[in-house]
Each structure stands twice: as structure tokens, then as C-alpha cells.
Amino acid sequence: MDAYTDFARVYDELMDNIPYDKWFEYLHSLLKEFKIEDGIVAELGCGSGKMTRKLAGAGYDMIGIDLSMDMLQIAMEKKYEDKNATKKDILYLNQDMREMELYGTVRAFVSVGDSMNYLLEKKDLVQVMKLCNNYLDEGGYLIFDLKTAHMYRDLMGNRTITDTRDDVTLIWDNFYDKDKHLNEYAMTIYTDSGKTDAYGNAYFTRFEEKHLQRAYSLSEIKSAVKQSGMELVAIYDAFTHNEPTRKSERVYVIARETHQEGKKYI
């Protein structure tokens, strides 16, 4: 089952509890800390483009990359939703981040909202970082977040979450395999079809999606960065500059581009 197809239509409505403003302020502060205050920035797994638009509004020339054409269609429709973002155009690319191709280099890659957790094999995580290293300006940065095993295992666990709105209902079954470090989201969604029966009762359309994500340990992250050829700058407990703990729910990884023999500069 493909992810973010039918779900894309109701994603923003159901995810309206995500504190995007807080996430943006933290991410923006990290970019400025590393002297990236303008220029081209690419977002991996940009989804419906909420963070892409916020970064565009902050003055960056944004590229949004996502595997789901359905999500990108929504992103393109909302391109000018944020009035500040109209100052900068946004280029959206329908690409698998493991096989991305750009026409030039960028100052930074960013990825938030656990998009990198969708990389189910360590080799895929390494491959994405290798590509980032290739397409980064000299001394550029990759900044991304990851949900932790603690988050999946202890806080989400084998639980069912329901969310009912006027026109949509989500039933979210969560399963975590602690041996494989894989988390499965099985979602059943009912949306108002806009039709009614003879008695005025609304018809709802039902669809299902399954999403898989992987939890990476700190040692796996460090090893992947090393294998990619990038330089690890820091791993932070999310929204702080502190080292992660066993109770960290999300971490931010910061890696720097390194110039290597044989590297293909665009």
C-alpha cells in the first residue's frame, strides 16, 4: 500500500496539532548558527510544504523534495498560502530522496517531521547522506530529525488512536517491533463524501494506508554519518542543544559536507 496517497487530502487537517512554528524557530536558529541565512536550501520529505513555505518566508530559496505526488500537489496549491512566502518562489521535485538529482549545489539540506525515519535500512540512510554530501556547497550542512525508539516503544507502543472531526475520522493503530526496530502505522480514514441517503444521513468514504518507520540508535546514526563521508557536528535532544538521553523522544542530527577525492561536484 502506498503511503500519503488518499491520506494526503486530509493530512493537514488531521495534523493541525503539530507545533510547526516551534519546529521552524528551532530549525531556523540552527541554520543561522551555522551562518546559513540565505541562499538555496532543500527540504527532504517536504510533504504538503508547511515548513518549506515558512523557510521561504524567512528568505531562503527553497526546493521541496517528496516521493508523494499527492502531497506535492497540495504543496503546490498552497505555495502562496503564507503571504511572506510569496517573496520567494518554491521549486517542488517529485523524487525519492535515495535517488535525488539536482541541477546544482545547495547551502543546506533539512528534513523534519521524521521523514528520515521512513528510510527502513541503514544503507538507505547512508545513501541519502552521501547524496546530500555530493549536492552541498563546500562546508554546507545537513540537518534532520528522527523519532527515537523510546518514542515508538514507550509512548506510542501498541496503541490505537482515534481522531474524529466533522468531516473526517481517523483510526490509527500503532505497532512497534522492538527486535526489528520497525514501527507500523495502520490507518483507517473515513471522509465525508458529500452525498446523503434518502433520510439525509451522510455517506463516508473509507480508505486505508500503512506506513512503516524505523528507529535508529545513536550508534547507528553516528556510524551512518561516518560511512557517508560526512562529518558529524552534533546530535541534539530536540529543540535544545543538550545531548540526547534515554528519554529523548526526537533527536536532531547535524552533519557537515566534506570534500573527498572523487566527489562529484555539480
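Preceding this paragraph is the structure being described.
Residue numbering note: each chain is counted from 1, following its sequence as written. With pLDDT at 70 or above as the cut-off, local features in this predicted model cover only qualifying residues; side-chain atom pairs require 80 or more to be listed or tallied, and sums for whole chains, interfaces and linings still use all residues. To obtain the side-chain values, all non-hydrogen atoms of the structure were used and water was disregarded.

Draft legend 1. Region of interest: the overall build of the chain. A run of H or I in DSSP counts as a helix once it spans at least four residues, and a run of E counts as a strand once it spans at least two, with each numbered from the N terminus. When you go through the chain residue by residue, the secondary structure sums to seven helices and 11 strands. Looking at the chain as a whole, 49% of its 266 residues qualify as buried. Contacts are assigned to residue pairs with any non-hydrogen atoms lying within 4.5 Å of each other. In the chain, of all internal contacts separated by at least 6 residues, the share reaching a separation of at least 24 is 65%. Note that accessible areas follow from Shrake-Rupley with a 1.4 Å probe, and for residues the cover is restricted to the protein chains shown. Just so you have it, the chain exposes about 13,500 Å², and 46% of that area is on carbon and sulfur atoms. A 1.4 Å probe rolled over the protein chains alone gives each residue an accessible area, and that area as a share of the maximum for its type sets the label: buried under 20%, exposed over 50%, partly exposed in between.

Draft legend 2. Representation of the pattern of salt bridges. Any Lys or Arg side-chain nitrogen located within 4 Å of an Asp or Glu carboxyl oxygen qualifies as a salt bridge. Summed over the entire model, instances satisfying the criterion amount to 10 salt bridges. Asp-124 is paired through a salt bridge with Arg-98; the nearest N and O atoms lie 3.6 Å apart. Placement of the pair is Asp-124 in helix H5 (residues 122-135) and Arg-98 in the loop between strand E3 (90-94) and strand E4 (106-111), with a sequence separation of 26 residues. Classification of Arg-98 by relative accessible area gives partly exposed; the value is 33%. A salt bridge links Arg-256 to Glu-231; the shortest N-O distance between them is 2.9 Å. Here Glu-231 lies in strand E10 (residues 231-237) and Arg-256 lies in strand E11 (residues 250-256), a separation of 25 residues in the sequence.

Draft legend 3. The arrangement of the sheet that holds strand E5 (residues 136-147) in detail. One bridge is not enough; two strands pair if DSSP finds at least two bridges between them. The seven strands are arranged E3-E2-E1-E4-E5-E11-E10 in an open sheet whose pairing can be described as mixed. Looking along the sheet, the strands with just one partner apiece sit at the ends: E3 and E10. Geometrically, the sheet is characterised by an average inter-axis angle of 15° between neighbouring strands, direction not taken into account. With three bridges connecting them, strand E1 (residues 40-44) and E4 associate as parallel partners. Bridge pairing links Ala-42 to Phe-109 in E4. The axes are straight lines fitted to the C-alpha atoms, using for helices just the contacting stretch, and the angles between their N-to-C directions are given from 0 to 180°.

Draft legend 4. Summary view of the environment of Asp-96. Inspection of the secondary structure assignment puts Asp-96 in the loop between E3 and E4. For the pair Asp-96 and Leu-67, spaced 29 residues apart in sequence, the C-alpha to C-alpha distance is 5.0 Å.

Draft legend 5. Inspection of the nonpolar core at higher detail. Here, the term nonpolar core denotes a set of buried Ala, Val, Leu, Ile, Met, Phe, Trp, Tyr and Cys residues that are joined through side-chain atoms within 4.5 Å. Leu-44, Ile-65, Phe-109, Met-116, Met-129, Leu-146 and Ile-221 are the most contacted members of the largest nonpolar core, which has 32 residues in total. Sorting the residues of this core by element identifies E1, strand E2 (61-66), E4, H5, E5, helix H7 (218-228) and E11 as the ones contributing at least two each. No other element matches the seven residues that H5 contributes to this core. Not counting chain neighbours up to four residues away, the residues in contact with Ile-221 comprise Leu-146, Tyr-216, Ile-235, Val-251 and Val-253. Among the nonpolar cores identified, the runner-up in size contains 31 residues, and Trp-23, Leu-31, Met-62 and Ile-254 belong to it.

Draft legend 6. The pairing of strand E7 (residues 168-177), seen in detail. Where strand E6 (residues 160-164) meets E7, five bridges bridge the pair, whose relative direction is antiparallel. Pairing of Asp-163 across the sheet is with Leu-170, part of E7.

Draft legend 7. Fine view of the side chain of Thr-258. Inspection of the secondary structure assignment puts Thr-258 in the segment after E11. There is a polar contact of 2.3 Å between the side chain of Thr-258 and the backbone oxygen of Gly-229. Any N or O atom pair separated by 3.5 Å or less is treated as a polar contact, with the protein-specific requirement of one donor-capable and one acceptor-capable atom, and with residues adjacent in sequence counted only for side-chain atom pairs.

Draft legend 8. Focus on the packing of aromatic side chains. Pairing of aromatic rings covers Phe, Tyr and Trp, the last through its six-membered ring, and needs centres within 6.5 Å; plane angles under 30 degrees mean stacked, over 60 mean edge-to-face, and all others mean tilted. Scanning all chains against the criterion turns up seven aromatic pairs. Consider the rings of Tyr-26 and Tyr-252, whose centres lie 4.8 Å apart with planes at 80°: the pair is edge-to-face. Here Tyr-26, found in helix H2 (residues 20-33), pairs with Tyr-252, found in strand E11; they are 226 residues apart in sequence, far enough to count as distant. Of the two residues, Tyr-26 and Tyr-252, both sit in the buried class. Both rings, one in Phe-34 and one in Tyr-141, keep their centres 4.4 Å apart while their planes meet at 25°; by these two values the pair is stacked. Here Tyr-141 lies in strand E5 and Phe-34 lies in the loop between H2 and E1, a separation of 107 residues in the sequence. Owing to a relative accessible area of 14%, Phe-34 belongs among the buried residues under this scheme. Here the aromatic residues Tyr-26, Phe-239 and Tyr-252 are joined through ring pairs into a cluster of three or more.

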